[in-house]
There are 2 protein chains.
Amino acid sequence: MESKAAVYRGNQSFSIDKKQISPPAADEVQIDVAYCGICGTDLHIYLGHMDERVGVERTIGHEMSGTISEVGREVHHLKKGQPVVVRPLDPCGSCPACAAGHEHICHSLNFIGIDTEGAFQQKWNVPADTIHKLPESLDLAHAALIEPLAVACHSVNRANVKRGEDVLVIGGGPIGMLVALVARHAGSNVTIAEINSNRQSYAAKLGFDTGNPDTTDVAKSMHAKTNGKGADVVFEVSGSQAGAELMTQAAATRGRIVMVAIHATKPNVDLFQFFWRELELIGARVYRKEDYDEAMQLLSASVVDCDSFITDIKPLEDIQSAFQMLTANPNAMKTMIKISA
Amino acid sequence: MESKAAVYRGNQSFSIDKKQISPPAADEVQIDVAYCGICGTDLHIYLGHMDERVGVERTIGHEMSGTISEVGREVHHLKKGQPVVVRPLDPCGSCPACAAGHEHICHSLNFIGIDTEGAFQQKWNVPADTIHKLPESLDLAHAALIEPLAVACHSVNRANVKRGEDVLVIGGGPIGMLVALVARHAGSNVTIAEINSNRQSYAAKLGFDTGNPDTTDVAKSMHAKTNGKGADVVFEVSGSQAGAELMTQAAATRGRIVMVAIHATKPNVDLFQFFWRELELIGARVYRKEDYDEAMQLLSASVVDCDSFITDIKPLEDIQSAFQMLTANPNAMKTMIKISA
């Protein structure tokens, strides 16, 4: 079967090709992809940072929604026509991480849409056990936010955010904003630190306290507004040296700091503060099955204002310009590629 | 009443003075100090690193044992002649940390023996609520190890070390060695990374696996001996950049790293590894009441070979040379000052 697909060709370029897609294998389903969002990782791939891992003939994309179009021979719990999202993780099942029940951070994790073919194409074959069924009521463009929202759910769950706690999110990009929304839904008081004034305005419009670390002492104001306590939970989503500094400064004694960001270099970290105030640092990567279920519930409960969060929807043919625009525009939140909805 | 006391006079010097000691206040007891060990912090004070905090007319010392010699008017649960140790923490009771039940890391903690008068003297008045009663059977020289052993208990408890887990202790000085002993008593398999060959030999004599990070790849050997898993728990007790690197390299996926060391500078830390393998970093400082109780039990159960661990016992008059020797000798474990035993 023919499928129109975007293929990453290296050096900030995509081609739109007609590809032959085989029928789904016995344990797979084939999906008519409806929407696929552009993730920060996709931008890194586009910019050539991950050529060694990805190659230059891959169809990428993993923040998707769609409808099952074909079902493999051994798949009995799914039917043609079912709206779905894919949890794009394919763990090895036998490494020490898998053996300990941490399949989502498998030592040899195959991330579908990075390490193997992804969702920027019309027809997509995936293992049936990666599928989460969507309620019919959910808009498919909104449903394509489930993957990044599951990242946020996982981060908030790793921190075990409790009602009434004071939370600081460092970095108000798409993931930081979703973390803030999920943490607020858990009953906490959330402040967002963000240097981009448009993102700061968007955060304020969503009802968050905000601070610009370039112009104000965010740590000082966190301590001031909590009567000297500080943030019970800090989410570091900036990936910057400044974020690595702010995280220890703003945290309360015994505060939990969640490392959501990808730090490409090794920043200086004030380990003395970890000792002195018994801070905790907790890594959070991707999601578990239950984070996906939770993300779906939160989306159905309108925790995310999807219409303002999705800043652009572009057809597959325009994927090249969509990536160009997103790279050039630090104000944007989520750009969706509309594929066959 | 007159009491012979060592007084820190700045610039690597002590004087031995006769001081007038008042009777204990209503809520205090007076102790005939028997032994007081020299702590790493005492060495920092001696070397002049903490003059601003300590001043140059303080009697320091807090790793002590002794016998109650007088009891304040309002103290009814303690009697003259009772052998005791002091948990040298005097929290404010009203800061956010105290309010949250973390008095041991009070924002305005008065550390008795650093911020106020300590135990390198014959007669010592302390708040009665800092007292832990000793069993008669416990040797008072050994009992003076309870304070550093409580640090180790607190660190191991913060990590929640479980039977069968693989543990790496980075730094085999007195605290690292005690952490290793407590972690082994909890049923874990402990490796000690230490660059000093004499300390490494001592660790081996105590039955620990050891590695010298200067000459071997300790992270690699941790992964090799655990079939690719790595250390479930890492205790960073070295306070060095090399230790900050080894801690993330040696840890298992979802491994817990406990920050026991005092890092005077901000080292480069591989935050990417925290994200990628969902590591945790957990600060551990001093001890809670229950850590002291546990330390006392472990000492009574001979978990520490006190006779080899205490490398020297010197009279109070020789405190100056004891500090000199300890500063010059990186092989030593614990030096005790014998005061009035």
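Note that the structure is predicted; figures quoted are calculated from it, not measured.

Student: Explanation requested: the relation of the copies chain B and chain A in the structure shown.
Tutor: Mapping between the two chain copies consists of a rotation about an axis together with a translation along that axis. With an axial shift of 0.0 Å and an RMSD of 0.0 Å, the rotation relating chain B to chain A amounts to 180 degrees. Classification of the inter-copy transformation places it as that of a two-fold axis. Here 100% of the contact residues of chain B are again contact residues in chain A; the copies associate through an equivalent surface.

Student: What am I meant to see in empty space enclosed by the protein here?
Tutor: Unfilled space is identified by rolling a water-sized probe across the atoms. Tallied over the entire structure, the rule returns one cavity of 30 Å³ or more. Roughly 30 Å³ of volume is contained in the largest cavity. Of the residues that constitute the lining of the largest cavity, the class distribution is three nonpolar, two polar and one charged.

Student: What's the story with the side chain of Glu236(A) in this structure? I'm lost.
Tutor: Residue and element names in this part refer to chain A. Here Glu236 shows up in strand E13 (residues 231-236). One buried charge, Glu236, has no salt-bridge partner; the nearest side chain with opposite charge is Arg199, at 12 Å. At 2.7 Å, the side chain of Glu236 forms a polar contact with the side chain of His263. Excluding residues within four positions of it along the chain, Glu236 makes contact with Ile170, Gly243, Ala244, Met247, Val258, Met259, Val260, Ala261 and His263.

Student: Please explain the pattern of salt bridges as it appears in this structure.
Tutor: Side chains that carry opposite charge are capable of pairing whenever their charged atoms lie near each other. Tallied over the entire structure, the rule returns 32 salt bridges over all chains. For Lys19(A), the salt bridge goes to Glu117(A), with nearest N and O atoms at 2.4 Å. Of this pair, Lys19(A) sits in strand E2 (residues 14-20) while Glu117(A) sits in the loop between strand E7 (110-111) and strand E8 (123-127), placing them 98 residues apart in sequence. Ionic pairing is found between Asp166(B) and Lys229(B), a salt bridge with its closest N-O pair at 2.9 Å. Highlighted residues: Asp166(B) in strand E10 (residues 166-170) and Lys229(B) in the loop between helix H8 (218-225) and strand E13 (231-236), separated in sequence by 63 residues. Assessed through its relative accessible area of 15%, Asp166(B) is described here as buried. We classify Lys229(B) as partly exposed; its relative accessible area is 21%. Residues participating in the shared-partner salt-bridge network are Arg158(A), Arg254(B), Glu278(B) and Glu280(B).

Student: Explanation requested: the interface of chain B and chain A in the structure shown.
Tutor: Many authors give the size of an interface as the accessible area that is lost as the parts come together. Counting residues at the interface gives 41 residues for chain B and 41 residues for chain A. Applying the counting rule to chain B against chain A returns four salt bridges. Arg158(B) serves as the salt-bridge partner of Glu280(A), at 4.0 Å between the closest nitrogen and oxygen. In this structure, the connection of chain B to chain A is made through 19 residue pairs in polar contact (both at pLDDT 80 or more). Secondary-structure elements contributing two or more residues to the side of chain B that touches chain A are helix H3 (96-99), helix H5 (146-159), helix H9 (241-250), strand E14 (251-259), helix H10 (271-276) and strand E15 (280-283) of chain B. In terms of residue count, H10(B) provides more of the side of chain B that touches chain A than any other element does, five residues in total. The residue inventory of the side of chain B that touches chain A, partitioned by class, reads 20 nonpolar, ten polar and eleven charged. The pairing of strand E15 (residues 280-283) of chain A with E15(B) spans three bridges and is classified as antiparallel. The residue bridging Leu281(A) from the neighbouring strand is Leu281(B), located in E15(B).

Student: Teacher, can you tell me more about the pairing of E13(A) here?
Tutor: Residues in a regular strand project their side chains so that they alternate between the two faces of the sheet. Residue and element names in this part refer to chain A. For E13, the buried fraction is high: six of the six residues fall into the buried class. For E13 and strand E14 (residues 251-259), the ladder comprises five bridges, and the chain directions are parallel. When the bridges of E14 are listed, Phe235 appears paired with Val258.

Student: Quick question: what am I supposed to make of the packing of aromatic side chains here?
Tutor: For any pair of aromatic rings, the description consists of the separation of the ring centres together with the inter-plane angle of the planes. Within the structure shown, the criterion is met by 18 aromatic pairs over all chains. When the centroid spacing of 6.1 Å and the interplanar angle of 65 degrees are considered together, the rings of Tyr8(A) and Phe14(A) count as edge-to-face. Take Phe14(A): its relative accessible area is 11%, and that puts it in the buried class. Note on Tyr287(B) and Tyr292(B): the rings are 5.1 Å apart at their centroids and 70 degrees apart in plane angle, and the pair reads as edge-to-face. Note on Tyr287(B): relative accessible area 0%, which makes it buried. Here Tyr292(B) falls in the buried class, since its relative accessible area comes to 0%. Pairwise contacts between aromatic rings join Tyr8(A), Phe14(A), Tyr46(A), Phe120(A) and Phe323(A) into one cluster. The lysine or arginine in question, Arg184(A), covers the ring of Phe208(A), its NZ or CZ lying 4.1 Å from the ring centre.

Student: Honestly, the pairing of strand E16 (residues 310-315) of chain B in this entry has me stumped. Any pointers?
Tutor: All names here are of chain B. Here E16 pairs with strand E17 (residues 334-338) via five bridges, running parallel. Paired with Pro315 across the strands is Lys338, a residue of E17. Crossover handedness for the path E16 to helix H13 (residues 319-328) to E17: right-handed.

Student: Looking at this structure, how should I read the environment of Asp291(B)?
Tutor: Along the polypeptide, Asp291(B) turns up in helix H11 (residues 289-300). With residues up to four places along the chain from it excluded, the contact list for Asp291(B) reads Ala150(B), Cys153(B), His154(B) and Asn157(B).

Student: How do you make sense of the packing of H5(B) against H11(B) when you look at a structure like this?
Tutor: The description of two packed helices rests on the angle between their axes and on the distance between the axes. Residue and element names in this part refer to chain B. Close contact between H5 and H11 brings their axes to 8 Å; oriented N to C, the two are set at 110 degrees. One way to sum up the angle between H5 and H11 is to call them roughly perpendicular. Handedness of the crossing formed by H5 with H11: right-handed. Across the interface between the two elements, Ile146, Glu147, Leu149, Ala150, Cys153, His154 and Asn157 from H5 touch Asp291, Tyr292, Glu294, Ala295, Met296, Leu298 and Leu299 from H11.

Student: How should the domain arrangement of chain A be read in this particular structure?
Tutor: Residues and elements named next belong to chain A. Here the domain parsing of chain A yields domain 1 (2-145 + 304-338) and domain 2 (149-283). For domain 1 versus domain 2, the separation of C-alpha centres amounts to 29 Å. Contacts between the two partners involve ten residues from domain 1, matched on the other side by twelve residues from domain 2. For the pair domain 1 and domain 2, the summed buried area comes to about 1,000 Å², and 62% of that belongs to carbon and sulfur atoms. Our count for the domain 1 to domain 2 interface comes out at zero salt bridges. Between the two partners, domain 1 and domain 2, sit seven residue pairs in polar contact (both at pLDDT 80 or more). Here the side of domain 1 that touches domain 2 is built from residues that sort into six nonpolar, three polar and one charged.

Rules and cut-offs
Residues numbered from 1 in each chain as written. Chains lettered and ligands numbered in written order. Predicted model: local features only at pLDDT ≥ 70, side-chain atom pairs only at ≥ 80, totals over all residues. Heavy atoms only, no water. Least-squares fit on C-alpha atoms with pLDDT ≥ 70 in both. Contact = heavy atoms within 4.5 Å. 1 Å grid on protein atoms, 1.4 Å probe; cavity = no way out; pocket = protein on both sides within 12 Å on 5 of 7 lines; lining within 4 Å. Points joined across faces, edges and corners; volume = space filled by probe spheres on them. Nonpolar A, V, L, I, M, F, W, Y, C, P; charged D, E, K, R; others polar. Helix = DSSP H or I, 4+ residues; strand = E, 2+ residues; numbered from the N terminus. Buried < 20%, exposed > 50% of the residue type's maximum accessible area, 1.4 Å probe, protein only. Lys, Arg positive; Asp, Glu negative; His and termini not counted. Salt bridge = Lys/Arg side-chain N within 4 Å of Asp/Glu carboxyl O. Polar contact = N/O pair within 3.5 Å; in protein donor to acceptor, adjacent residues only side chain to side chain. Pairing = 2+ DSSP bridges. Phe/Tyr/Trp six-rings, centres within 6.5 Å; stacked < 30°, edge-to-face > 60°. Lys NZ or Arg CZ within 6 Å of the ring centre and 35° of its normal. Right-handed = clockwise from strand over helix to strand, strands pointing away. Axes fitted to C-alpha atoms, helices over the stretch in contact; angles between N-to-C directions. Parallel < 35°, antiparallel > 145°, perpendicular 65-115°, else oblique. Left-handed = near helix turned anticlockwise from the far one by under 90°. Domains from an automatic or database assignment. Buried area = accessible area lost by both parts, 1.4 Å probe.

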